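Summary of structural features
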Amino acid sequence: MTDNAETDDDQNTQRLAGDVAIVTGASSGIGEATAEALADAGASVVLAARRADELEALAARIESSGGEALVVPTDVTEEDDIDALVEATTDEYGRIDILVNNAGVMLLEPLERADRSNLRQMVEVNLLGLMNLTHAVLPVMQEQESGHIVNVSSVAGRRASADSSGYNATKFGVNAFTEAVRQEVTTQGIRTTVIEPGAVDTELATHVPDEQVLERFAEMDLPMLHPDDIARGIVYATSQPARVDVNELLIRPTGQDI
């Protein structure tokens, strides 16, 4: 991991120069914004998501701004895709400095009306995919004796609420997994950060299958963060000196009281 410990990070736009970052869920929202922000900070970014066309468009924007991007279409629920992503990254760059596990779905519905396939999908994408990709990347970071694992959780990983039982379970799991991994690898020079966004203006809420939950969302009129707000937090955490491990960032919009 590049260690620019004695510089003013806020003034150094290339503070991640030389680093290689994998970002999952990079085709939209927080993942897209994070990939662009990491590239702006000098990292080579590996763009992973299922929607190849959106990834190619993102890569073109990054490259037009002088950055470097590699597109690797990936379904994090498929172990072969995960292995191929890690292999493609190491073949191209020879290292992995940052892993941003951002891919996720939010299929909110009361448990009594829940479709079991929705519960399964949230576990497979939000939690198991994150765990499996971390497992695949970890040996590379251990060999380097450096690396940074960033797991995007949610305020839903801290506070349970009605109609969110499946989503809460996955995000509580992300938080617990991240802390356990931190304890395992912190003495090996590997850092971990869990990011817990509040309400963010992304397409995530459009995936909610329950009409009553969607109606309540529309009536709540919550203040919203922009994906860039979360991306800046991720760049902040990953660009700290190697001696600094920002373990947790809870980022709510001003005015969100839950």
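Residues numbered from 1 in each chain as written. Predicted model: local features only at pLDDT ≥ 70, side-chain atom pairs only at ≥ 80, totals over all residues. Heavy atoms only, no water.

As recorded in an unreviewed UniProt entry, the protein goes by Oxidoreductase and comes from Haloarcula rubripromontorii. Quoted straight from UniProt, the Sequence similarities (unreviewed entry) entry for the protein says "Belongs to the short-chain dehydrogenases/reductases (SDR) family." (UniProt positions renumbered as here; feature names shortened; annotations may be inferred.)

So, about the overall build of the protein. Counting secondary structure elements, the protein contains seven helices and seven strands. Going from the N terminus to the C terminus, the protein shows its helices and strands as β-α-β-α-β-α-β-α-β-α-β-α-α-β. The globule rule puts the C-alpha radius of gyration for 258 residues at 18 Å, and the 18 Å found for the protein is close to it. If one aligns the C-alpha atoms of the protein with their principal axes, the spans along those axes are about 50 × 40 × 40 Å. For the protein, the residues scored as buried account for 52% of the 258 residues in total. The contacts in the protein between residues at least 6 apart in sequence include a share of 71% that link residues at least 24 apart. If you sum the accessible surface of the protein, you get close to 12000 Å²; carbon and sulfur atoms cover 46% of it. (Helix = DSSP H or I, 4+ residues; strand = E, 2+ residues; numbered from the N terminus. Rg over C-alpha atoms; globule rule 2.2 N^0.38 Å. Buried < 20%, exposed > 50% of the residue type's maximum accessible area, 1.4 Å probe, protein only. Contact = heavy atoms within 4.5 Å. Areas by Shrake-Rupley, 256 points an atom, 1.4 Å probe, with all protein chains shown as cover.)

The subject of this paragraph is the nonpolar core. Membership of the largest hydrophobic core comes to 36 residues, with the highest contact counts inside it found for Leu38, Val45, Leu47, Ile62, Val100, Ile230 and Ile234. Of all the elements, helix H1 (residues 29–40) adds the most residues to this core, at six residues. Apart from the residues within four sequence positions on either side, Ile234 is in contact with Thr34, Val100, Val150, Val152 and Ile195. (Core = buried A, V, L, I, M, F, W, Y, C linked by side-chain atoms within 4.5 Å.)

Note on placement: Ser28 falls in the loop between strand E1 (20–24) and H1. Ser28 sits in the buried class, given a relative accessible area of 17%. Polar side-chain contacts of Ser28 include one of 3.1 Å to the side chain of Arg51. If we skip the residues at most four places from it in the chain, Ser28 touches Arg51 and Glu203. (Polar contact = N/O pair within 3.5 Å; in protein donor to acceptor, adjacent residues only side chain to side chain.)

This part takes up helix H7 (residues 227–238). The terminal C-alpha atoms of H7, which comprises twelve residues, lie 17 Å apart, in line with the 16 Å expected from a rise of 1.5 Å per residue. Where H7 is concerned, the buried positions are Pro227, Ile230, Ala231, Gly233, Ile234, Val235, Ala237 and Thr238. Here the buried face of H7 lies against H1, strand E4 (98–101), strand E5 (147–152), strand E6 (190–197) and strand E7 (248–251). (Expected span 1.5 Å × (residues − 1).)

Once that is clear, we can look at unusual backbone geometry. Residue Glu145 is not a glycine yet carries a positive backbone phi of 60°. Topologically, Glu145 is positioned in the loop between helix H4 (116–144) and E5. Even without being glycine, Asp163 reaches a positive phi, approximately 75°. By secondary structure assignment, the location of Asp163 is in the loop between E5 and helix H5 (165–185). Judged by its relative accessible area of 21%, Asp163 is partly exposed.

What follows covers the UniProt feature "domain: Ketoreductase" (unreviewed entry) in the protein. The positions that UniProt labels "domain: Ketoreductase" (unreviewed entry) are, in the present scheme, residues 19–203. When the span residues 19–203 is considered, its composition is 49% helix and 17% strand, and the gap between its end C-alpha atoms is 29 Å.

Now for the packing of H1 against helix H2 (residues 52–64). Put simply, H1 and H2 touch, their axes get as near as 10 Å, and they point 25° apart. One element, H1, and the other, H2, form an angle in the roughly parallel class. Taken as a pair, H1 and H2 cross one another with a handedness that is right-handed. Across the interface between the two elements, Glu32, Ala35, Glu36 and Ala39 from H1 touch Leu58, Arg61 and Ile62 from H2. Residue composition of the contact of H1 with H2, grouped by class: four nonpolar, no polar and three charged. (Axes fitted to C-alpha atoms, helices over the stretch in contact; angles between N-to-C directions. Parallel < 35°, antiparallel > 145°, perpendicular 65-115°, else oblique. Left-handed = near helix turned anticlockwise from the far one by under 90°. Nonpolar A, V, L, I, M, F, W, Y, C, P; charged D, E, K, R; others polar.)

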